[in-house]
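So you can see what is in the structure, the chains are spelled out below.
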Amino acid sequence: MKMSAVILAGGQNSRMGGADKAFLKVGGERIIDRTVALLRELFDELIIVSNSPERYFKKFPEIKIVSDAIKEVGPIGGLQAGLSASSNEAVFVCACDMPALSAEAITQQRAKFEEKQPDCLIARYENRLEPLHSIYRRSLLPVIGQLIEAGQFSIRDLAGRCRKKSYFDLKREEKISLLNLNTPEDLKLINE
């Protein structure tokens, strides 16, 4: 099954002092470069959702760069934009500040999605949901629209509304792939 990968690169990054988290360096390499290189190997289409698309056009001319259709609603707006831009029926979604994504975990997650055929396949670790390391079908676009219209901006609300959902349980050694960088302290710790 063909599937797209969507990188959510929006947000105000206030806890990171306004710095664009996608362009932070981990191990001397920008997170966005690491993420694109990894996902390019796994998916036939990549989409970056950013409300500053000009930052990505020159660096990634072969990637679809789109902005939220509805601004200021958080990651659910980015998911809506990514699903709308996708040429495929389903998308794997991740955040731009996840420097330790695992090709193996994503490949296993994708295989489970293809086997179970749910509307959404939500990653979880020890019963904690990670909606930004998950797979969603384009058929969820009307539900996302209803949630946004109702002022429910949590992607966890979307997971609750999926009629046919499955979960992908990450193993202890794969937990690192859920790491995201929110503060300068997080960045310092990963670079030590």
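Just so we're clear, the structure is a prediction, and the values are computed from it rather than from any experiment.

**Q** Is there a simple way to explain the overall build of the protein chain in this structure?
**A** In terms of helices and strands, the protein chain carries seven helices and nine strands. Looking at the protein chain as a whole, 51% of its 192 residues are labelled buried. Of the roughly 9300 Å² that the protein chain leaves accessible, carbon and sulfur atoms contribute 48%.

**Q** Would you explain the side chain of Asp-68 in this entry?
**A** As for its position among the elements, Asp-68 is in the loop between strand 5 (64–66) and helix 3 (75–85). As a buried residue without a salt bridge, Asp-68 has its nearest oppositely charged side chain in Lys-71, at a separation of 6.1 Å. Apart from residues no more than four positions distant in its own chain, Asp-68 is found in contact with Val-49, Asn-51, Gly-74, Gly-77, Gly-78 and Ala-81.

**Q** When you look at the nonpolar core in this model, what are you seeing that I'm missing?
**A** Side chains of a nonpolar character, in soluble globular proteins, are inclined to be buried together. In terms of nonpolar packing, the biggest core is built from 59 residues, with Ile-32, Leu-39, Ile-48, Tyr-56, Leu-79 and Tyr-136 touching the most fellow members. Top contributing element to this core by residue count: strand 6 (residues 90–95), with six residues. Ile-48 has contacts with Ile-7, Ala-9, Ile-32, Val-36, Tyr-56, Phe-60, Ile-63, Lys-64, Ile-65 and Val-66, leaving out every residue within four places of it along the chain.

**Q** How should I be thinking about the packing of aromatic side chains in this particular structure?
**A** Geometry of an aromatic ring pair is reported as the spacing of the ring centres plus the angle between the planes. Enumeration over the complete set of coordinates arrives at one aromatic pair. For the pair Phe-43 and Phe-92, a centre-to-centre distance of 5.8 Å together with 15 degrees between the ring planes defines the contact as stacked. Of this pair, Phe-43 sits in the loop between helix 1 (31–42) and strand 4 (45–49) while Phe-92 is found in strand 6, placing the two residues 49 residues apart along the sequence. Phe-92 carries the same exposure label as Phe-43, and that label is buried.

**Q** Just checking my understanding: could you explain the pattern of salt bridges for this structure?
**A** Oppositely charged side chains may form a pair once their charged atoms are brought near each other. This structure, assessed with the given rule, holds seven salt bridges. Lys-64 serves as the salt-bridge partner of Glu-45, at 2.9 Å between the closest nitrogen and oxygen. On the criterion of sequence distance, the pair formed by Glu-45 in strand 4 and Lys-64 in strand 5 is long-range, its members being 19 residues apart. Through salt bridges with shared partners, one network takes in Arg-30, Asp-33 and Lys-59.

**Q** Just to check I follow, could you spell out the pairing of strand 7 (residues 120–125) for this structure?
**A** If a strand is regular, its side chains alternate between the two faces of the sheet. Counting buried positions along strand 7 yields five of six residues, so the element is predominantly enclosed. Relative to strand 8 (residues 128–137), strand 7 runs antiparallel, the two sharing five bridges. The partner of Ala-123 across the bridge, within strand 8, is Glu-130. What sits between the antiparallel neighbours strand 7 and strand 8 is a turn of two residues, in which Glu-126 has the positive phi angle 50 degrees. Direction of pairing for strand 7 relative to strand 9 (residues 165–169): parallel, over a ladder of five bridges. For Arg-124, the partnering residue across the bridge sits in strand 9 and is Asp-169.

**Q** What am I meant to see in a positive patch on the surface here?
**A** The grouping of Arg-128, Arg-156, Arg-172 and Lys-175 at the surface amounts to a positive patch. Mapped onto the secondary structure, Arg-128 falls in strand 8.

**Q** For this particular structure, what's the right way to read helix 1?
**A** Since the α-helix advances by 3.6 residues per turn, residues separated by three or four positions end up pointing in the same direction. Helix length check: helix 1 (12 residues) gives 17 Å between terminal C-alpha atoms against 16 Å at 1.5 Å per residue, within 8%. Looking only at helix 1, the buried set comprises Ile-31, Ile-32, Asp-33, Thr-35, Val-36 and Leu-39.

**Q** When you look at the pairing of strand 6 in this model, what are you seeing that I'm missing?
**A** Of all six residues that make up strand 6, six are buried, and the element is covered over most of its length. Of the two faces of strand 6, the one lined by Ala-90, Phe-92 and Cys-94 and the one lined by Val-91, Val-93 and Ala-95 are each fully buried. The sheet contact formed by strand 1 (residues 4–8) and strand 6 spans five bridges and is parallel. Across the sheet, Ala-5 pairs through a bridge with Phe-92, a residue of strand 6.

**Q** Help me understand unusual backbone geometry, please; the structure alone is not making it clear to me.
**A** The phi torsion at Glu-72 lies on the positive side, around 65 degrees, for a residue other than glycine. Within the element layout of this structure, Glu-72 appears in the loop between strand 5 and helix 3. Taking relative accessible area as the criterion, Glu-72 reaches 66% and is therefore assigned exposed. The residue Glu-126 is not glycine, and still its phi comes out positive at about 50 degrees. Here Glu-126 lies in the loop between strand 7 and strand 8.

Rules behind the numbers
Residues numbered from 1 in each chain as written. Predicted model: local features only at pLDDT ≥ 70, side-chain atom pairs only at ≥ 80, totals over all residues. Heavy atoms only, no water. Helix = DSSP H or I, 4+ residues; strand = E, 2+ residues; numbered from the N terminus. Buried < 20%, exposed > 50% of the residue type's maximum accessible area, 1.4 Å probe, protein only. Areas by Shrake-Rupley, 256 points an atom, 1.4 Å probe, with all protein chains shown as cover. Lys, Arg positive; Asp, Glu negative; His and termini not counted. Salt bridge = Lys/Arg side-chain N within 4 Å of Asp/Glu carboxyl O. Contact = heavy atoms within 4.5 Å. Core = buried A, V, L, I, M, F, W, Y, C linked by side-chain atoms within 4.5 Å. Phe/Tyr/Trp six-rings, centres within 6.5 Å; stacked < 30°, edge-to-face > 60°. Pairing = 2+ DSSP bridges. Patch = residues over 30% accessible without salt bridge, like charges linked within 9 Å, V, L, I, M, F, W, Y side chains within 5 Å. Charge placed at Lys NZ, Arg CZ, Asp CG, Glu CD. Expected span 1.5 Å × (residues − 1).

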